[in-house]
Amino acid sequence: MGTWGVRPFANDSADELLDSLREAAPDVRVVALEGLLSSAISEGQDADPSEVIAAGTIVAASLPGSPSGRESGSFVDGWLTAETAVMLSRLAVQAIDTCLPDGGWYWDSWTSESDRVQARESVAALRASLAAG
């Protein structure tokens, strides 16, 4: 059984993404994140929402003035240049909108209403940070 939580990196899929990017060179990170987000857009609701949220959080952490970096933890700050983060932010917003639509399965997957509300608020805040980028 996997770990699943409302924080951006509180699940196994996000943790595996972090592990794969942690030691990667900056250019490899960019290619991997761009590929993940583009694939998620193509896959729609079949994409792994936890990976999309984690990737979006990594992008947001490097946006100039974004509060998402401070909320997600400083360990992903600086993984991308500000210029790259701005470029990827539009793709991340599109991936979130495609993979996590209102009424989609992800929102019904939470077993408690408080977790569902917290997940919605977290994704909305992430999306707002990315859209401002």
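A brief structural summary. All of these numbers come straight from a predicted model, not from anything done at the bench. (Residues numbered from 1 in each chain as written. Predicted model: local features only at pLDDT ≥ 70, side-chain atom pairs only at ≥ 80, totals over all residues. Heavy atoms only, no water.)

### Quick word on the pattern of salt bridges
Consideration 1: Using the criterion set out here, one finds four salt bridges in the structure.
Consideration 2: Residues arginine 116 and glutamate 113 are paired through a salt bridge, measuring 2.5 Å at the closest nitrogen-oxygen approach. A residue pair is termed a helical-turn pair when its members lie 3 or 4 positions apart in one helix, as arginine 116 and glutamate 113 do in helix α7 (residues 113-132) at three residues. (Salt bridge = Lys/Arg side-chain N within 4 Å of Asp/Glu carboxyl O. Helix = DSSP H or I, 4+ residues; strand = E, 2+ residues; numbered from the N terminus.)

### Notes on the environment of arginine 120
Consideration 1: Following the sequence through the fold, arginine 120 ends up in helix α7.
Consideration 2: The sequence separation of arginine 120 and tryptophan 107 amounts to 13 residues, and the corresponding C-alpha distance is 7.7 Å.
Consideration 3: Excluding residues that lie within four positions of it along the chain, arginine 120 makes contacts with Asp102, Gly103 and Trp107. (Contact = heavy atoms within 4.5 Å.)

### Brief notes about helix α1 (residues 12-22)
Consideration 1: Taken residue by residue, α1 has Ala14, Leu17, Leu18 and Leu21 as its buried positions. Buried residues along α1 cover an arc of 100° about the axis, so they all sit on one side.
Consideration 2: Residues of α1 that are buried in the fold lie against α2 (26-43) and α3 (49-61). (Buried < 20%, exposed > 50% of the residue type's maximum accessible area, 1.4 Å probe, protein only. Arc of directions from axis to C-beta.)

### Things to note about the packing of α1 against α3
Consideration 1: Relative to each other, α1 and α3 sit at 45°, their axes nearing to 8 Å. One way to sum up the angle between α1 and α3 is to call them oblique. In this structure, α1 crosses over α3, and the sense of that crossing is right-handed. Where α1 abuts α3, its residues Ser13, Ala14, Leu17, Leu18 and Leu21 lie against Ser50, Glu51, Ala54, Ala55 and Ile58.
Consideration 2: Residue classes in the contact of α1 with α3 are distributed as seven nonpolar, two polar and one charged. (Axes fitted to C-alpha atoms, helices over the stretch in contact; angles between N-to-C directions. Parallel < 35°, antiparallel > 145°, perpendicular 65-115°, else oblique. Left-handed = near helix turned anticlockwise from the far one by under 90°. Nonpolar A, V, L, I, M, F, W, Y, C, P; charged D, E, K, R; others polar.)

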